[in-house]
Amino acid sequence: MAADTSDVTAGFGQVSRTAGRVFRALLLAATLFGIVFVTILLLYVANDAIQPLTADPGWHLTFFLTLVVPTAGVGAFVYRRSQAAFQTGMLALGFVAVALLFSGGAAMLFIDIVRPLTWLAVVVALAVPAAIAVGVTAYDQRLPFLARFGVTTAAFYLSLFGLPGPLGTVASWLSQLGLPVPLGATLGSVRLVPSVVDVVSGVPVAPAPWLMLVATVGGPIGVVAGHAVARDRGRRARVAAGSAFLAVVAVAGVVGPAVGVTPVPAVVVAAVGMVPPAAYAADVAVNAPRERVGLAVPATVIVGSLVGAGIVSVVGLAGPQSWVDWAFLTSAHSTNAESAGFYPSIGGSILLMLSVAVLAFPVGVGAAIYLEEYAPDNWLTRVIDVNISNLAGVPSVVYGLLGFGLFVTHLNRPAGTVLIGGATLGLLILPIIIISAREAIRSVPEAQRAASDGMGATKWQTVRNVVLPRSFSGILTGTILALGRAIGETAPLIMIGAPTIKFSLPTQVSETVTAMPLQVYAWSSLYATPDFYTKVVPAGVVVLVTVLLAMNSVAIVLRNKYQSHD
């Protein structure tokens, strides 16, 4: 007798199991359709950009035997032995790829945008008021909160900007708008107290640039890496591990010139691209013995790639005639497709994202904390909630018009600069940051707040010691995803007058800047020749999508890591 596939349930009518199976099949088909469609599109673009079929058959055979076959065999062995170890190995492999990608961007900053001496000055300017803040906090029982807050704020402001600093600039803007600000027009041009940044930047004698980066970049990364590896093994072990990682960065600066790499990029790549993956691998090997076998997967990929590259070089096998090569990533734009490069656009996107993060992150997180923890539940708060949700769906071109009207027209700022572009894109993602941060704060169990209140903690102490630590991972994940949207926007930058083509990197926030999506737009419209449209544009898209995937992968890993800990 056939099984009954339907039943009658009170309140639901006739419930059919067949209908449920059909519904599930439709959902699966819709999911697969979207994934397959996007995958085919990306493969089509990647094929135009990389052109893998132009390589010699021997090249493909070499890497198949040295990379694909060993990786598949080792991966299958690790997976059968432990799925957790396999996930650890894949995470380590992705960590290596993302760290090397980000290290290239960091090296670009220190080569062409920020002088190492200026960077050292900024680090010192942050360290001095931080030390003052620590000293003031030690007297928290003797000084009122407002006094401690005022001293800390003044220390950071004077150390970073001097006097009058940005306050003079704001006063000048208000004066230009016709507001009665005393001395508003002259404050911006009078330097009463120099900042620590100005003092350190003006020293007549300084260490070698790569040594400054070893101390200011390799030092903090070495401390964090040493703590991650030897966190449960005492202070001496942490110091030894941190010193070892710092020594690796210093050795890179010495050895770099011998292999054709100048000391500055060698130090940055070692500190940002090599030390963090090495620290993760050492952490797994030392503190997770059951998962250390998973490290065989990234080791096999790295060794197989190096062996394959060596064989190809010795035998003389030609690889793919890829448009995404070193010349494309390090050259400026050209009217000739063969010579066109993406370098100024990559650097411009990095500067814009740094500006967006600095401007939007504190404001967005602060607004989220206030709305969730302090704001009363009244009609005004509900109106603000509705407007924030609506602003998250406003087209990006509207934010471009807002940025142009506010910053360029009313404040009379130069169009298309790093600062104006960062502020406009910051307005674009501000509602997204607020919404994601509120969701993260709302996910903190109410029982933990009640426990903190029961122990006599103030509202501020509860937010600082309970809410923010528990919600920070979600806040950071939402911010990274919001930055992923901002880095791919074109319309706001066009509206504020950012140039579509630029042949050099900006060195100040007041200089004009272009970005990767703007450059791709120019190649597909202003230079829409067959070579540009079918070769250079796909290469730019591949680079942009790679950066987006790297940013999103970081957000996903952070979310999964802290969710598993919770």
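The structure we're discussing is the one just above.
Here the structure is a predicted model, which means the values were calculated and not measured.

All right, on to the packing of aromatic side chains then. Under the definition given, this model contains nine aromatic pairs. With centroids separated by 4.8 Å and ring planes inclined at 50°, the aromatic side chains of Trp59 and Phe63 adopt a geometry described as tilted. Separated by four residues within a single helix, Trp59 and Phe63 lie in helix H2 (residues 57–81), roughly one turn from each other. Note on Phe328 and Phe342: the rings are 5.5 Å apart at their centroids and 25° apart in plane angle, and the pair reads as stacked. Of the two residues, Phe328 sits in helix H12 (residues 326–330) while Phe342 sits in the loop between H12 and helix H13 (343–374), which places them 14 residues apart along the sequence. Exposure class is identical for Phe328 and Phe342. Each is buried. An aromatic cluster is present here, built from Phe328, Phe342 and Trp523 joined pairwise through their rings.

The next thing to look at is unusual backbone geometry. A positive phi angle, near 55°, is found at Gln51, a position not held by glycine. Along the chain, Gln51 turns up in the loop between helix H1 (17–50) and H2. A relative accessible area of 18% means that Gln51 is categorised as buried. You will see that Asn412, though not glycine, has its phi angle at about 60°, which is positive. Mapped onto the elements of the fold, Asn412 is located in the loop between helix H15 (396–410) and helix H16 (418–442).

This part takes up the layout of surface pockets. Reported here for the second largest pocket is a volume of approximately 570 Å³. Lining of the second largest pocket is provided by 13 residues; of these, Phe145, Arg148, Phe149, Trp460 and Arg464 occupy positions nearest its centre. Of all the secondary structure elements, the ones that give two or more residues to the lining of the second largest pocket are helix H4 (116–137), helix H5 (145–161) and helix H18 (459–487). A total of six residues in the lining of the second largest pocket trace back to one element, the largest contributor, which is H5. Looking at the lining of the second largest pocket residue by residue, the classes come out as five nonpolar, five polar and three charged.

What counts as what
Residues numbered from 1 in each chain as written. Predicted model: local features only at pLDDT ≥ 70, side-chain atom pairs only at ≥ 80, totals over all residues. Heavy atoms only, no water. Phe/Tyr/Trp six-rings, centres within 6.5 Å; stacked < 30°, edge-to-face > 60°. Helix = DSSP H or I, 4+ residues; strand = E, 2+ residues; numbered from the N terminus. Buried < 20%, exposed > 50% of the residue type's maximum accessible area, 1.4 Å probe, protein only. 1 Å grid on protein atoms, 1.4 Å probe; cavity = no way out; pocket = protein on both sides within 12 Å on 5 of 7 lines; lining within 4 Å. Points joined across faces, edges and corners; volume = space filled by probe spheres on them. Nonpolar A, V, L, I, M, F, W, Y, C, P; charged D, E, K, R; others polar.

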